[in-house]
Amino acid sequence: MTDHTPTPRSEEPEDIQKRNFIKGLTAALLGFLTLGLSLPFVSYLIPASNEGADRKFIKVPNFSAIPVGKPTKMTFEDLDVQAFIRSQVVYDVWVIKHSDTQATVYSPLCPHLNCRYTFINNQFNCPCHGSLFDENGKVIGGPSPRPLDTLAYKIESGELYVQWKLFKAGIPQKVEA
Ligand code: FES
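This one's a predicted model, so the numbers in the text were calculated from it and none came from an experiment.

Concerning the nonpolar core
Most often, soluble globular proteins have nonpolar side chains that are buried together. Counting residues in each nonpolar core, the largest one holds 16 residues, and the members touching the most others are Phe 76, Val 93, Val 95, Val 105, Leu 151, Leu 160 and Val 162. Only strand S1 (58–60), strand S2 (72–82), strand S3 (85–97), strand S4 (103–106) and strand S10 (159–162) provide two or more residues apiece to this core. When residues of this core are assigned to their parent elements, the largest contribution, three residues, is made by S3. Not counting the four nearest positions on each side in its chain, Val 162 is found in contact with Lys 56, Phe 57, Ile 58, Val 60, Val 93, Val 105, Leu 151, Ala 152 and Tyr 153.

Right, here's the structure in full:
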């Protein structure tokens, strides 16, 4: 009886080359995909470069232009580096200028649950749950468990520099987050 089963054709060197090329390409694509997907996770695990005890002072432009005694919301930018990801971040603070060399700088986040507050009718007013603070940052109404959080600052050659920090919300003590 004749055997009609097709005999497998022996692989040509070109076939082997093609197969190896496809294998290599697939491995490279998978590698890129894995790297791309894992970067955000890795960057989450590594703290931002401006965190830690040696946190720097960042310049807040236009200090000389703001009026004395009037709470003024000011913004500044800084480069945030998380692992391999670099991004420009805009921060805001409330500044009360007392003189060309003295100021009070408040974190813009309400100590209750971190909402941003505003300054209306000579009070700092949080829209989320109604906390009220006077210009000294003291709680005069609402659920905030502590006064507004001040930030460290320095003034050099008429320029204001602020040390940005986050604090834990919802507790009576001012504790860095
Ligand atoms: S977050 Fe400001 S009162 Fe709740």
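Further notes follow.
Here we look at the pattern of salt bridges
Per the stated rule, a full pass over the model turns up eight salt bridges. Linked through salt bridges whose partners overlap, the residues forming this network are Lys 73, Asp 92 and Arg 116.

Section: the sheet that holds S3
What the three strands build is an open sheet, ordered S2-S3-S4; its pairing is antiparallel. Bordering the open sheet on either side are S2 and S4, each of which pairs with just one other strand. Neighbouring strand axes in the sheet, compared pairwise and without regard to direction, differ in orientation by 35° on average. Of the pairings in the sheet, the one linking S2 to S3 comprises eleven bridges and is antiparallel in character. Within S3, the position partnered with Leu 79 by the bridge is Gln 88.

Regarding the side chain of Ser 144
Locating Ser 144 in the fold gives a position in the loop between strand S8 (139–141) and strand S9 (153–156). Overall, Ser 144 belongs to the buried group, its relative accessible area being 8%. Filtering out sequence-adjacent residues up to four positions away, Ser 144 remains in contact with Pro 111, His 112, Ser 131, Phe 133 and Val 139.

Concerning the pairing of S4
Burial along S4 is two-sided: the residues Ala 103 and Val 105 and Thr 104 and Tyr 106 are all buried. Alignment of S3 against S4, held across four bridges, turns out to be antiparallel. Residue pairing across strands places Val 95 opposite Val 105, the latter belonging to S4. Between S3 and S4, which follow one another and run antiparallel, lie five residues.

The rules behind the values
Residues numbered from 1 in each chain as written. Predicted model: local features only at pLDDT ≥ 70, side-chain atom pairs only at ≥ 80, totals over all residues. Heavy atoms only, no water. Core = buried A, V, L, I, M, F, W, Y, C linked by side-chain atoms within 4.5 Å. Buried < 20%, exposed > 50% of the residue type's maximum accessible area, 1.4 Å probe, protein only. Helix = DSSP H or I, 4+ residues; strand = E, 2+ residues; numbered from the N terminus. Contact = heavy atoms within 4.5 Å. Salt bridge = Lys/Arg side-chain N within 4 Å of Asp/Glu carboxyl O. Pairing = 2+ DSSP bridges. Axes fitted to C-alpha atoms, helices over the stretch in contact; angles between N-to-C directions.

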